[in-house]
Amino acid sequence: LRQKNTLNKETQKLLDSTEEEIFRLTELVKELVNFSNPSKYQPERKALVPILEKAISLVESDSISGKIVIKKDFVLDLPPVFVNEKEVLESFLNLIFNAIESMPQGGELRVQVKQIYLEKHEKEFIQVTIADQGMGIAPENLNRIYERYFTTKDGGTGLGLAVVDRIIKAHNGFISVESKPRVGTTFEVFLPI
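Residues numbered from 1 in each chain as written. Predicted model: local features only at pLDDT ≥ 70, side-chain atom pairs only at ≥ 80, totals over all residues. Heavy atoms only, no water.

A.B. asks: Sorry if this is basic, but what is going on with the packing of helix α4 (residues 85–101) against helix α6 (residues 160–170) here?
C.D. replies: Helix-helix packing is characterised by the crossing angle of the two axes and by the distance between the axes. Running from amino to carboxyl end, α4 crosses α6 at an angle of 145 degrees, the nearest separation of the two axes being 9 Å. Between α4 and α6 lies a crossing whose hand is left-handed. On α6, the residues touching Glu87, Val88, Ser91, Asn94, Leu95 and Asn98 of α4 are Gly160, Leu161, Val164, Ile167 and Ile168. (Axes fitted to C-alpha atoms, helices over the stretch in contact; angles between N-to-C directions. Helix = DSSP H or I, 4+ residues; strand = E, 2+ residues; numbered from the N terminus. Left-handed = near helix turned anticlockwise from the far one by under 90°. Contact = heavy atoms within 4.5 Å.)

A.B. asks: Explain the pairing of strand β5 (residues 123–131) to me, please; I cannot follow it from the model alone.
C.D. replies: Residues in a regular strand project their side chains so that they alternate between the two faces of the sheet. Counting buried positions along β5 yields 7 of 9 residues, so the element is predominantly enclosed. Hairpin connection from strand β4 (residues 107–118) to β5: 4 residues lie between these consecutive antiparallel strands, with Glu122 at a positive phi of about 50 degrees. In the sheet, β5 pairs with strand β7 (residues 184–192) via 7 bridges, with the strands oriented antiparallel. Across the sheet, the residue bridging to Ala131 is Thr186, located in β7. (Buried < 20%, exposed > 50% of the residue type's maximum accessible area, 1.4 Å probe, protein only. Pairing = 2+ DSSP bridges.)

A.B. asks: What should I look at first to understand the packing of aromatic side chains in this one?
C.D. replies: How two aromatic rings sit relative to each other is set out by the distance from centre to centre and by the angle between their planes. Enumeration over the complete set of coordinates arrives at 3 aromatic pairs. Where Phe125 meets Phe190, the ring centres are 6.3 Å apart and the plane angle is 90 degrees; that geometry is what we call edge-to-face. Residue Phe125 is located in strand β5, and its partner Phe190 is located in strand β7; the two are separated by 65 residues in the primary sequence. By relative accessible area, Phe125 is classed as buried at 2%. Both rings, one in Phe174 and one in Phe190, keep their centres 4.7 Å apart while their planes meet at 15 degrees; by these two values the pair is stacked. Residue Phe174 is located in strand β6 (residues 174–180), and its partner Phe190 is located in strand β7; the two are separated by 16 residues in the primary sequence. (Phe/Tyr/Trp six-rings, centres within 6.5 Å; stacked < 30°, edge-to-face > 60°.)

A.B. asks: Looking at this structure, how should I read the pattern of salt bridges?
C.D. replies: Close approach of charged atoms allows side chains with opposite charge to pair. This structure, assessed with the given rule, holds 4 salt bridges. Where Lys46 meets Glu85, a salt bridge forms, and the shortest distance between an N and an O atom there is 3.2 Å. With Lys46 in strand β1 (residues 44–46) and Glu85 in helix α4, the pair connects residues that are 39 residues apart, well separated along the chain. Given a relative accessible area of 25%, Lys46 falls into the partly exposed group. By relative accessible area, which is 30% here, Glu85 ends up partly exposed. Between Lys71 and Glu108 there is a salt bridge, with its nearest N and O atoms 3.1 Å apart. Placement of the pair is Lys71 in strand β2 (residues 68–74) and Glu108 in strand β4, with a sequence separation of 37 residues. Taking relative accessible area as the criterion, Glu108 reaches 28% and is therefore assigned partly exposed. (Salt bridge = Lys/Arg side-chain N within 4 Å of Asp/Glu carboxyl O.)

A.B. asks: Sorry if this is basic, but what is going on with the side chain of Asp132 here?
C.D. replies: With respect to the element layout, Asp132 can be found in the loop between β5 and α5 (139–142). Among the polar contacts made by the side chain of Asp132, one reaches the side chain of Ser102 at a distance of 3.4 Å. Among the polar contacts listed, one links the side chain of Asp132 to the backbone nitrogen of Gly134, at a separation of 2.8 Å. Excluding its chain neighbours within four sequence positions, the residues that come into contact with Asp132 are Ala99, Ser102, Met103, Glu108, Leu109, Val183, Gly184 and Thr185. (Polar contact = N/O pair within 3.5 Å; in protein donor to acceptor, adjacent residues only side chain to side chain.)

As far as function goes, none of this settles anything; it's purely spatial.
This is the structure in structure tokens:
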């Protein structure tokens, strides 16, 4: 398709996005294959804001068609963290896709990034907050969301949040979640600086 000279810019952009998604899904398949046998993560010092910007750009068409407004609140010039960019991108995408899917009537998706010191851990972290105004998670399901194959979605695999949890833990981070049915869900990802 790329070799056809008759393609307009919009079609070229769509092809670029499709190709990027194919590469992302290939990486996801590799991740699922290695799920029970974690490979070496080969982390690099990276800024998280550009990774989040990329995740948001990949879901832009889904958010527009779903009448979802994405509000970004990013502190710039944050210190880098040691991450495997592809795997952390996959985690953010999973959380953002879940948030979008939880708002079938539309709504607001808030994505925030800031630096925070946690007394309990005696460490500085980058905190990424992904908050939706969706259907929420039933209280009885909240402690099961990271279990492999646990899902309440039709056609869901129950692997999305399990993968997210595994990736964040492999980066010495952790996740917290708060949810109220019919009000929304807030995920907070903490990655050490």
